[in-house]
Amino acid sequence: MARILTGIQSSGKPHLGNLLGAIQPAIALSENEANESFFFIADLHSLTTIKDPQIRVENTHAVAAAWLAFGFDTEKNTFYRQSRVPQVCELNWYLNCYTPFPMLANAHSFKDKSDRLADVNAGLFTYPVLMACDILLYDADIVPVGKDQKQHLEMTRDIASTFNHKHGDIFILPEAQIDETVMTVPGLDGQKMSKSYGNIIDIFQSDKELKKNINRIVSDSTPLEAPKNPDEDTTFALYSLLATPEQVATMRKNYLGGNYGYGHAKKALYELIIDKFAKERQVYNEYINDPDLIEKELAKGEEKAAAVAKKVLERVKKALGFA
Ligand code: TYM
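Residues numbered from 1 in each chain as written. Predicted model: local features only at pLDDT ≥ 70, side-chain atom pairs only at ≥ 80, totals over all residues. Heavy atoms only, no water.

(A) Region of the structure containing the overall build of the chain. The number of helices and strands found in the chain is 15 helices and 5 strands. Relative to its length of 323 residues, the chain is compact, with a C-alpha radius of gyration of 21 Å against a globular reference of 20 Å. When burial is assessed residue by residue, the chain has 52% of its 323 residues classed as buried. Taking all contacts inside the chain whose residues are at least 6 apart in sequence as the whole, residues at least 24 apart take part in 77%. Entry remark: accessible area of the chain is about 15,300 Å², with carbon and sulfur atoms responsible for 53%. Taken as two groups, the 36 positive and 43 negative side-chain charges of the chain have centres that lie 2 Å from each other. (Helix = DSSP H or I, 4+ residues; strand = E, 2+ residues; numbered from the N terminus. Rg over C-alpha atoms; globule rule 2.2 N^0.38 Å. Buried < 20%, exposed > 50% of the residue type's maximum accessible area, 1.4 Å probe, protein only. Contact = heavy atoms within 4.5 Å. Areas by Shrake-Rupley, 256 points an atom, 1.4 Å probe, with all protein chains shown as cover. Lys, Arg positive; Asp, Glu negative; His and termini not counted. Charge placed at Lys NZ, Arg CZ, Asp CG, Glu CD.)

Below you can see the structure in the form of structure tokens.
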């Protein structure tokens, strides 16, 4: 039995990058009978950026509804909010004391913002340690994540190894599962799609909002009649991630043939999303319109998660002479 674990921050609405990089691969792993899955909403992590409690709750519900819309089985598995198992904060202190400063100073999540140090709070700086705790507290074996989380997983293993080296085999060393064939999904501006860059595609938006948002994808100014380079266009890149090989081949021909505008491609992307995710969009809306139902689903996992967390934390405290 392998324990699969992964989390998504509630720092914004769930987006296509989260879906392709984490939700779909994680759900596929969870459907294997030999696995047991712990999927959670990283609401404590979202406090590094989101200070408004109402917005955090809305985002938490949106991320939870996305997992549920893609069919995560909350009976067989463990589905919870990170903050409802506060043992993770206790472990966070212990592991902070085993994490070298230079390791954190080298983290992309910090380095990307280090030119604006006044905006970096201590939580953002130690963010990778809390992530390590999320994983180690649950004895996770496999962590399915997108490529952007690779460094965080390496840090988790480093912290766990340092601790184990001093205190015996306390932590399981987790393996990252990263589908290297899935590119980092680009956002509307062609940069990495990210909740913090304001460039996301939220596949659960209403038809009208989704269409409007897809029309914001940045394209160059090649005139309608002229042939276009599909390999340098964000709409084409996004379409390719979702379409069948035949559909992609047709789209490529259209780009190269001319008389096919970016507006046509955006319309095709919009229609593909509506069609491909029709069922998930409907289920998502059922949940999002019934927050109590989402809360019930999340509550189911809290006790199961806490039971594991308490056992592991006890092991750590004993090793440290605190219990
Ligand atoms: P977060 O919330 O930024 O992203 C959640 C998951 O989505 C993947 N992802 C992407 N994949 C492909 N293309 C993109 N543009 C893209 N954007 C995001 C991420 O790789 C991730 O798998 N620190 C984590 C949350 C976390 C966590 C954990 C994950 C907290 N504790 C423990 C795993 C295990 C984060 O900020 O992910």
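(B) Seen up close, the domain arrangement of the chain. Assigned domains of the chain: these are domain 1 (2–184 + 291–320) and domain 2 (204–276). A separation of 34 Å is found between the C-alpha centroids of domain 1 and domain 2. Of the residues lining the interface, 6 residues belong to domain 1; the matching set on domain 2 comes to 5 residues. Carbon and sulfur atoms make up 95% of the area that domain 1 and domain 2 hide from each other, which totals about 510 Å². Summed over the three residues of domain 1 that lose the most area to domain 2, namely L16, L20 and M183, the buried surface amounts to 67% of that side. Applying the counting criterion to the domain 1 and domain 2 interface returns 0 salt bridges. For the side of domain 1 that touches domain 2, the secondary-structure elements that each account for two or more residues are α1 (16–30) and α3 (53–69). Of the residues in the side of domain 1 that touches domain 2, the class split is 6 nonpolar, no polar and no charged. (Domains from an automatic or database assignment. Buried area = accessible area lost by both parts, 1.4 Å probe. Salt bridge = Lys/Arg side-chain N within 4 Å of Asp/Glu carboxyl O. Nonpolar A, V, L, I, M, F, W, Y, C, P; charged D, E, K, R; others polar.)

(C) Summary view of the pattern of salt bridges. Summed over all chains, the structure comprises 16 salt bridges. Taking the shortest distance from any N to any O, the salt bridge between K150 and E180 comes out at 3.8 Å. Of this pair, K150 sits in helix α9 (residues 150–167) while E180 sits in the loop between β5 (175–177) and α10 (207–214), placing them 30 residues apart in sequence. Its salt-bridge partner being R252, residue D231 comes within 2.9 Å of it at the nearest N-O pair. Linking D231 in the loop between α10 and α11 (234–242) with R252 in helix α12 (residues 245–257), this pair joins segments that are 21 residues apart in sequence. Looking at D231, the relative accessible area reads 55%, which means it is exposed. Residue R252 is classed as partly exposed on the basis of its relative accessible area of 32%. Within this structure, D43, R81 and E295 form a network of salt bridges that share partners.

(D) Region of the structure containing the pairing of strand β1 (residues 2–9). With 7 of 8 residues buried, β1 lies mostly within the body of the structure. Pairing between β1 and strand β2 (residues 35–42): 8 bridges, direction parallel. By the bridge assignment for β2, R3 is matched with E36. Between the parallel elements β1 and β2, the chain passes through α1 in a crossover that is right-handed. (Pairing = 2+ DSSP bridges. Right-handed = clockwise from strand over helix to strand, strands pointing away.)

(E) Spatial organisation of the site of the ligand. The immediate surroundings of the ligand are formed by 27 residues, with Y127, D134, G146, D148 and V185 found nearest. Q9 is positioned such that a nitrogen or oxygen atom in its backbone is 2.9 Å from an oxygen atom of the ligand. The contact in question runs from a nitrogen atom of the ligand to an N or O atom on the side chain of Q149, over 3.3 Å. Burial of the ligand by the protein chains amounts to 96% of its free accessible area of 710 Å². Taken together, the elements giving at least two residues each to the shell around the ligand come down to β1, α1, β2 and α8 (127–136). Looking at the shell around the ligand element by element, the count peaks at 5 residues for β1. Split into classes, the residues belonging to the shell around the ligand amount to 12 nonpolar, 11 polar and 4 charged. (Near = heavy atom within 4 Å. Polar contact = N/O pair within 3.5 Å; in protein donor to acceptor, adjacent residues only side chain to side chain.)

(F) Examining the side chain of Q9 more closely. Looking at the element boundaries, Q9 is found in strand β1. A relative accessible area of 18% means that Q9 is categorised as buried. Side-chain polar atoms of Q9 contact the side chain of Y127, separated by 2.8 Å.

(G) A look at the packing of aromatic side chains. This structure, assessed with the given rule, holds 19 aromatic pairs. Ring geometry for F39 versus F72: centroids 4.5 Å apart, planes at 25°, classification stacked. Taken together, the positions of F39 in strand β2 and F72 in the loop between α3 and β3 (78–81) put the pair 33 residues apart, joining distant regions of the chain. Take F39 and F72: they sit in the same class, and that class is buried. Ring centres of F70 and F277 lie 5.8 Å apart, and the angle between their planes is 70°; on these two criteria the pair is classed as edge-to-face. Of the two residues, F70 is situated in the loop between α3 and β3 and F277 in the loop between α13 (262–276) and α14 (278–288); the sequence distance between them amounts to 207 residues. Under the relative-accessibility criterion, F70 is labelled buried at 11%. Here the aromatic cluster, defined as three or more aromatic residues joined through ring pairs, consists of F38, F40, Y80 and Y138. The positively charged end of K228 is found above the aromatic ring belonging to Y262, 5.7 Å away from the centroid. (Phe/Tyr/Trp six-rings, centres within 6.5 Å; stacked < 30°, edge-to-face > 60°. Lys NZ or Arg CZ within 6 Å of the ring centre and 35° of its normal.)

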